[in-house]
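A structural walkthrough
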Amino acid sequence: MKAFSGRLCRPLPRGTPPLSAAEVDALLRDFPGWTLQQGAISKTFSFPDYHRTLAFVNAVAWIAQQQDHHPELIVSYDHCRVSFNTHSIGGISENDFICAARIEGLFA
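From a predicted model like this one, the values you see are computed outputs, not experimental measurements. (Residues numbered from 1 in each chain as written. Predicted model: local features only at pLDDT ≥ 70, side-chain atom pairs only at ≥ 80, totals over all residues. Heavy atoms only, no water.)

Quick word on a nonpolar patch on the surface
Together, Y50, L54, L73, V75 and Y77 line one region of the surface with nonpolar side chains, adding up to about 430 Å² of accessible area. Contributing elements (two or more residues each) for the nonpolar patch: α3 (50-67) and β3 (72-75). One can find L73 in strand β3. (Patch = residues over 30% accessible without salt bridge, like charges linked within 9 Å, V, L, I, M, F, W, Y side chains within 5 Å. Areas by Shrake-Rupley, 256 points an atom, 1.4 Å probe, with all protein chains shown as cover. Salt bridge = Lys/Arg side-chain N within 4 Å of Asp/Glu carboxyl O. Helix = DSSP H or I, 4+ residues; strand = E, 2+ residues; numbered from the N terminus.)

Structure follows, in structure tokens:
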């Protein structure tokens, strides 16, 4: 995960090949709690209350805007599910793992 935390997302034009299933599986081993579901890497983060959940959502939004790579967020009272994929290439890219690593950095 540390290999991705200092990197920046880069634009990926249509036609750029996504990571292979084997590459995604190998990378996920370094991202505890993240799984591949429905074509995206996802993780659910839990919090003791709504205020902390929304603080997390705002921090994720800041990271996403900074990286110009935006996740799908499903927000509830005490948890938030974050899912990344790269729409422009129709699959998973290194950008997804860069953002996942930055989000994990919120808890470091």
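Thoughts on the nonpolar core
Counting 25 residues, the largest nonpolar core has W34, I41, F56, V82, F97 and I103 as its most contacted members. Among the elements of the structure, α2 (21-28), β2 (40-46), α3, β4 (79-84) and α4 (94-105) are those that each provide at least two residues to this core. Per element, the largest residue contribution to this core is 6 residues, and it comes from α4. Contacts of I103, omitting those with residues within four sequence positions, involve F45, F56, V60, I63, V82 and F84. (Core = buried A, V, L, I, M, F, W, Y, C linked by side-chain atoms within 4.5 Å. Buried < 20%, exposed > 50% of the residue type's maximum accessible area, 1.4 Å probe, protein only. Contact = heavy atoms within 4.5 Å.)

Digging into the environment of S46
Note on placement: S46 falls in strand β2. In this structure S46 comes out as exposed when scored by relative accessible area, which is 61%. Placed 31 residues apart in sequence, S46 and Y77 show a C-alpha to C-alpha distance of 9.3 Å.

Things to note about unusual backbone geometry
Phi is positive for Q38, close to 50°, though the residue is something other than glycine. By relative accessible area, which is 86% here, Q38 ends up exposed. Residues other than glycine seldom take positive phi values, yet D68 does so here, at roughly 55°. Within the secondary structure, D68 sits in the loop between α3 and β3. D68 gets classed as exposed once you look at its relative accessible area, which sits at 62%.

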